[in-house]
Amino acid sequence: MDNLTPWKEALKERTLYGCFVTYGLPDIAEVTALMGFDFLLLDNEHGVIEQSTLADMVRASQLRGVPAVVRCTMKEYDHIQKALDFGANGVQLPLVNTAEDARRVVELANYAPQGRRGTAYLPRAARYGMVEDKRAYLRQANDTKLVCCQVETRQAVENLDGILEVDGVDVYFIGPGDLAASYGEPAGSPKMLELTERMIRRIVAAGKTAGYYVGTPEAARQAEEWGARYLVTAVNQYMVSGGRSFLSQVRGGGAVAASSAY
């Protein structure tokens, strides 16, 4: 598995389950990949991860046969360029609020003529200069990487139809935390669940792929019923719930139920 391995086409056939990794440690990425997720989402928006560590986390996941997508800190050239140059299988960008934002992401994630990603053949993504057909590499790189835009604010909801018209976005991901905050609502409230369902159904009706964060199996099943096919959970909550359950049982308090991050 490397950055040129086709993988995102599976979204057309079935749901892919991914996992956020927020800790800057390649071992955690490797362990999570070994759990059996379809992809890892390495969180360089809220996680504290140095670039060289992030590159090693991508490598650790791919060496276990699992694609690694990087959630970049912001929609800027250097963030997208670095993630793709060290061989990530895709990028996910937060706070895509307008069609112009989405077009910018697509441009920065693609080599010319589709975009304006900087061309270089020495980084890991190009096998350190050992790709034999450079023109074929540029085409493959454009075709195989995943571009995911997060639509997670009131502004994004208002502009959703225009955002959905932008070519080159593979997944439109709804972030429940930011979405709820922008409406002044608690995450998971009936109002936010109803809005989320409407957004997912609009995305799917436009012929696009919807993504969503799911903290529980029940939330995953519900989102899948609405039509979402790119579902992401987080390893953190399972580490916490597992540790608390153990301590509760050995200290005589009984099992502690797992809780969602949202």
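Predicted, not measured: the structure shown is a model, and the values here were computed from it.

Procedures and definitions
- Residues numbered from 1 in each chain as written.
- Predicted model: local features only at pLDDT ≥ 70, side-chain atom pairs only at ≥ 80, totals over all residues.
- Heavy atoms only, no water.
- Helix = DSSP H or I, 4+ residues; strand = E, 2+ residues; numbered from the N terminus.
- Buried < 20%, exposed > 50% of the residue type's maximum accessible area, 1.4 Å probe, protein only.
- Contact = heavy atoms within 4.5 Å.
- Pairing = 2+ DSSP bridges.
- Salt bridge = Lys/Arg side-chain N within 4 Å of Asp/Glu carboxyl O.
- Expected span 1.5 Å × (residues − 1).
- Patch = residues over 30% accessible without salt bridge, like charges linked within 9 Å, V, L, I, M, F, W, Y side chains within 5 Å.
- Areas by Shrake-Rupley, 256 points an atom, 1.4 Å probe, with all protein chains shown as cover.
- Phe/Tyr/Trp six-rings, centres within 6.5 Å; stacked < 30°, edge-to-face > 60°.
- Lys NZ or Arg CZ within 6 Å of the ring centre and 35° of its normal.
- Axes fitted to C-alpha atoms, helices over the stretch in contact; angles between N-to-C directions.
- UniProt positions renumbered as here; feature names shortened; annotations may be inferred.

Digging into the environment of Ala 68
Part 1 of the argument: For Ala 68, the location among the structural elements is in strand β3 (residues 68-71).
Part 2 of the argument: Look at Ala 68 and you get buried, because its relative accessible area is 0%.
Part 3 of the argument: The sequence separation of Ala 68 and Lys 8 amounts to 60 residues, and the corresponding C-alpha distance is 11 Å.
Part 4 of the argument: Setting aside chain neighbours within four positions, we find Ala 68 in contact with Leu 40, Leu 42, Val 58, Ser 61, Ala 88, Asn 89 and Gly 90.

Focus on the pairing of strand β5 (residues 146-150)
Part 1 of the argument: With five of five residues buried, β5 lies mostly within the body of the structure.
Part 2 of the argument: Residues Leu 146, Cys 148 and Gln 150 point to one face of β5 and Val 147 and Cys 149 to the other, with burial holding for every one of them.
Part 3 of the argument: With four bridges connecting them, strand β4 (residues 90-93) and β5 associate as parallel partners. Within β5, the position partnered with Gln 92 by the bridge is Cys 148.
Part 4 of the argument: Here three bridges tie β5 to strand β6 (residues 171-174), and the two strands are oriented parallel to one another. Within β6, the position partnered with Gln 150 by the bridge is Phe 173.

Topic: the pattern of salt bridges
Part 1 of the argument: Under the definition given, this model contains 14 salt bridges.
Part 2 of the argument: Put simply, Asp 2 and Arg 127 hold a salt bridge, and the shortest N to O gap is 2.7 Å. Taken together, the residues span a long stretch of sequence, with Asp 2 in the segment before β1 (16-21) and Arg 127 in the loop between α4 (99-109) and α5 (134-144) at a distance of 125 residues.
Part 3 of the argument: When the shortest N-O distance is used, the salt bridge between Arg 117 and Asp 85 registers 3.4 Å. Here Arg 117 is found in the loop between α4 and α5, whereas its partner Asp 85 is found in helix α3 (residues 77-85), with 32 residues between them in sequence. Judged on exposure class, the residue Arg 117 and its partner Asp 85 are both buried.
Part 4 of the argument: Each member of the salt-bridge network shares a partner with another, and the members are Asp 43, Glu 45 and Arg 71.

A short note on helix α2 (residues 51-63)
Part 1 of the argument: Here α2 spans 18 Å end to end across 13 residues, near enough to the 18 Å set by a 1.5 Å rise per residue.
Part 2 of the argument: The complete set of buried residues in α2 reads Thr 53, Leu 54, Ala 55, Met 57, Val 58, Ala 60, Ser 61 and Gln 62.
Part 3 of the argument: Along its buried surface, α2 packs onto β1, α1 (26-34), β2 (39-43) and β3.
Part 4 of the argument: Gly 65 sits one or two positions beyond α2 and adopts a positive phi of about 80°.

A closer look at a nonpolar patch on the surface
Part 1 of the argument: Together, Phe 246, Leu 247 and Val 250 line one region of the surface with nonpolar side chains, adding up to about 290 Å² of accessible area.
Part 2 of the argument: On the secondary structure map, Phe 246 appears in helix α11 (residues 235-250).
Part 3 of the argument: Owing to a relative accessible area of 54%, Phe 246 belongs among the exposed residues under this scheme.

Some points on the packing of aromatic side chains
Part 1 of the argument: For the structure on display, the rule yields six aromatic pairs.
Part 2 of the argument: In this structure an aromatic cluster arises from ring pairing among Trp 7, Phe 39, Phe 173 and Tyr 230.
Part 3 of the argument: One residue, Lys 134, lies across the ring of Tyr 121, its end atom 5.4 Å from the ring centre.

Notes on the sheet that holds β2
Two pairing modes exist for strands in a sheet, parallel and antiparallel, and in both the strands are linked by backbone hydrogen bonds.
Part 1 of the argument: Taken together, the eight strands give a closed barrel; going around it, the order is β1-β2-β3-β4-β5-β6-β7-β8, and neighbouring strands pair in parallel fashion. The average undirected angle you get between the axes of adjacent strands in this sheet is 25°.
Part 2 of the argument: Relative to β4, β3 runs parallel, the two sharing three bridges. In the sheet register, Val 69 faces β4, and the bridge partner there is Gly 90.
Part 3 of the argument: Packed on one face of the sheet, helix α9 (residues 190-205) meets β6 and β7 (209-213) and runs near 155° to β7.

A few points about the UniProt feature "domain: HpcH/HpaI aldolase/citrate lyase" (unreviewed entry) in the chain
Part 1 of the argument: Within this numbering scheme, the UniProt entry marks residues 17-214 as carrying the feature "domain: HpcH/HpaI aldolase/citrate lyase" (unreviewed entry).
Part 2 of the argument: Across residues 17-214, the secondary structure splits into 44% helix and 16% strand, with the terminal C-alpha atoms separated by 10 Å.

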